[in-house]
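Here's the letter readout for the chains.
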Amino acid sequence: MKSLGRFNLTPLSTVHYLALLSVMLLATGPLLVPAAHAGGRVEVEILGHYTDDEECCGEEWTFEVQARDVPNLDDKDWRPANAIKDLWSGDSDPDHNDWHDTEDKPLMKQNYSDALPSRLEIKQWGWEDDRGARWKYDCCHWYTNDDDSYGTGTETIDLNSLSNATWKTFDWPDLKGSHGLKVRARVIRAPVIKDISPNFGCRGDTNLQVTITGDNFPTNDDNLVGQIDWEGLVASNFHAVSSNSVTARVDIGPAACLGKADVKIANTELLLMPAVLPDGFEIRRANAPGCAPQ
């Protein structure tokens, strides 16, 4: 770690000094305090739909599903550009709520750097944005009709009820008028560090085992990224014990810089949202309190 060079200050009056100090604190404050990361990712996939519509003459039934977080702005937000649309030929039996299995498709994949929304609304539409105007026959002539969209039901997913990083399936066969759908959803919450034990090591320590505790940690090593960043210190063998515990090995060189290091844990799926424990681990002299004489 590089040290700061010396510099000289011309003596200032108390008023000028306090004014300068205030400006420096305002300018550097955000750098002195690491951002507290929260949030995470919300994912929803559409698995298929139900309908009792009976179509004829090769007519196609258009199916559209949209998701939005709550609270949201207004009803116009039901029409995102990435809404899921699919088409099926009209082969439904009006006496049965037919299940149309489809390829699993992402309906929503949204990162939240701050707080996660409390719930999602999932809405199904029929005849929405189909393949242009459809020909229909009415008594004595054919005509086109492209103004026949209608909502076929809305459901709500309580995101707080979802276990972290675990898919849950929601099956709603009768949303409205014998229309329904099936989706699955999961929340990947950003990790949070609460403590590390022991919270210090001494120059010359090798194979020091530390335990990092917190919430929402990855539960497998493939998704776990850990770091204790300090010159002369090597942290390795990060291991996911549970969603609340991670272990690691720390080796401290005999000439390691003294001071306090940040402790970080990240999920590979949320690398931009690491958990940080500022100054969580201290490097002490070999003869400091708590350190064995060398």
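Above this note sits the structure.
Counting from 1, residues in each chain are numbered in the order their sequence is written. Local features are withheld for residues below a pLDDT of 70 in this predicted model, meaning they are given only at 70 or higher, and side-chain atom pairs are given and counted only at 80 or more; totals for whole chains, interfaces and linings count all residues. Think of the side-chain values as coming from all heavy atoms in the structure, minus any hydrogens and water.

Draft legend 1. Structural detail: the packing of aromatic side chains. Between rings of Phe, Tyr and Trp, where Trp is taken as its six-membered ring, a pair exists when centres lie within 6.5 Å; planes separated by under 30 degrees are stacked, by over 60 edge-to-face, and by other angles tilted. Under the counting rule described, the total for this entry stands at 2 aromatic pairs. Over the ring of phenylalanine 200 we find arginine 284, and its NZ or CZ is 3.8 Å from the ring centre. Each ring is checked for a lysine NZ or an arginine CZ that lies within 6 Å of its centre and within 35 degrees of its normal; such an atom marks a charge sitting over the ring.

Draft legend 2. Highlighting the sheet that holds strand β18 (residues 275–284). Two strands make a pair as long as DSSP finds a minimum of two bridges between them. Under the scheme used here, helices are H or I runs from DSSP no shorter than 4 residues and strands are E runs no shorter than 2 residues, and both carry numbers assigned from the N terminus. Read across the open sheet, the 4 strands follow the order β12-β18-β17-β14; overall the sheet is mixed. Sheet topology places β12 (200–202) and β14 (224–228) at the edges, where each strand pairs with a single neighbour. Averaged over neighbouring strand pairs, the angle between their axes works out to 25° when direction is ignored. Inspection of the sheet shows strand β17 (residues 259–267) paired to β18 by 6 bridges, in the antiparallel sense. The residue of β18 that forms the bridge with valine 263 is leucine 277. In this description, a line fitted to the C-alpha atoms serves as the axis of each element, helices being fitted only across the stretch in contact, and the angle between N-to-C directions of two axes falls anywhere from 0 to 180 degrees.

Draft legend 3. Highlighting the pattern of salt bridges. We define a salt bridge as a side-chain nitrogen of Lys or Arg found within 4 Å of a carboxyl oxygen belonging to Asp or Glu. Per the counting criterion, the structure on display carries 8 salt bridges. Among the salt bridges present, the one from glutamate 43 reaches arginine 186, with a minimum N-O distance of 3.3 Å. You can see glutamate 43 sitting in strand β1 (residues 40–51) and its partner arginine 186 sitting in strand β10 (residues 179–189), a full 143 residues away along the chain. Between aspartate 171 and lysine 182 there is a salt bridge, and its shortest N-O distance comes to 3.9 Å. Linking aspartate 171 in strand β9 (residues 168–176) with lysine 182 in strand β10, this pair joins segments that are 11 residues apart in sequence. The network of salt bridges with shared partners includes Arg41, Glu43, Arg186 and Glu269.

Draft legend 4. The environment of asparagine 237, seen in detail. By the element assignment, asparagine 237 lies in strand β15 (residues 233–242). Note on exposure labels: buried denotes an accessible area under 20% of the residue type's maximum, exposed denotes more than 50%, and partly exposed covers the range between, all computed with a 1.4 Å probe on protein chains only. For asparagine 237, a relative accessible area of 56% translates into the label exposed. Separated by 28 residues in sequence, asparagine 237 and glutamine 209 have C-alpha atoms that sit 9.6 Å apart. Contacts are assigned to residue pairs with any non-hydrogen atoms lying within 4.5 Å of each other. Those residues in contact with asparagine 237, other than ones at most four positions away along the chain, are Thr247, Ala248 and Arg249.

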